[in-house]
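Topology and contacts: notes
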There are 2 protein chains.
Amino acid sequence: MCKAVIYVTLRESVLDPQGHAVQGALHTLGFQQVKDARIGKYIELTLDTKDRQVAEEQVKEMCEKLLANTVIEEYRYELVELVEG
Amino acid sequence: MCKAVIYVTLRESVLDPQGHAVQGALHTLGFQQVKDARIGKYIELTLDTKDRQVAEEQVKEMCEKLLANTVIEEYRYELVELVEG
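The structure displayed is predicted, hence computed values, not measured ones. (Residues numbered from 1 in each chain as written. Chains lettered and ligands numbered in written order. Predicted model: local features only at pLDDT ≥ 70, side-chain atom pairs only at ≥ 80, totals over all residues. Heavy atoms only, no water.)

1. Side note on the relation of the copies chain B and chain A
At an RMSD of 0.0 Å, chain B and chain A line up after a rotation of 180° and a shift of 0.0 Å along the axis. Read as a symmetry element, the transformation amounts to a two-fold axis. Most of the interface of chain B is mirrored in chain A: 100% of its interface residues are interface residues there too. (Least-squares fit on C-alpha atoms with pLDDT ≥ 70 in both. Contact = heavy atoms within 4.5 Å.)

2. Details of the sheet that holds strand β3 (residues 73-81) of chain B
The 6 strands lie next to each other as β3(A)-β1(A)-β2(A)-β2(B)-β1(B)-β3(B), forming an open sheet whose pairing is antiparallel. On the outer flanks of this sheet lie β3 (73-81) of chain A together with β3 of chain B, each paired with one strand and no other. With direction set aside, neighbouring strand axes in the sheet form an average angle of 20°. Looking at chain direction, strand β1 (residues 2-10) of chain A and strand β2 (residues 34-47) of chain A are connected through 7 bridges and run antiparallel. Of the residues in β2(A), the one forming a bridge with Y7(A) is Y42(A). In the packing of helix α1 (residues 17-28) of chain A onto the sheet, contacts are made with β2 of chain A together with β2 (34-47) of chain B, and the angle to β2(A) comes to roughly 125°. (Pairing = 2+ DSSP bridges. Helix = DSSP H or I, 4+ residues; strand = E, 2+ residues; numbered from the N terminus. Axes fitted to C-alpha atoms, helices over the stretch in contact; angles between N-to-C directions.)

Worth remembering: the numbers are spatial, not functional.
Written as structure tokens, this is what we have:
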């Protein structure tokens with residue numbers, strides 16, 4: 001078993017209205033020191049795959065096909081092998 | 001300047017319908033090896049604060065007040081100091 005942690009974020013050049021709204025809300029709450037806010041997705045997948053390399057290729061494919069919109073988003077991931085005890 | 005990276009995830013005991021939908025979609029695409037999927041939020045804040053301890057307290061307060069619903073979600077964060085060059 002493998003755990004994949006995937007971070008999907010908007011590309012630097014893409015406007016982030018959700019982040020903008022969060023920044024505004026934080027300002028309203030008195031946190032004036034917040035200069036920028038960007039929101040992304042955090043995805044945890046449990047994979048029934050033993051081979052690390054296979055898992056890596058699969059995660060890449062899942063990101064490209066479904067989890068990230070690579071036109072406006074970029075992704076990075078980490079793989080952790082789960083030791084069965 | 002400080003960068004805070006915040007991860008907001010649903011508590012283990014809370015059902016994740018969005019994650020369930022993603023898992024279903026991945027199965028439909030042929031990724032049968034996905035045994036579980038959980039979706040969270042990934043938030044990047046740029047803070048105009050020099051003192052690390054102050055920044056940490058502020059981030060904690062922002063999470064408690066706005067960014068996370070602590071009844072069903074938990075959060076963790078990382079702080080990185082941005083060196084101005």
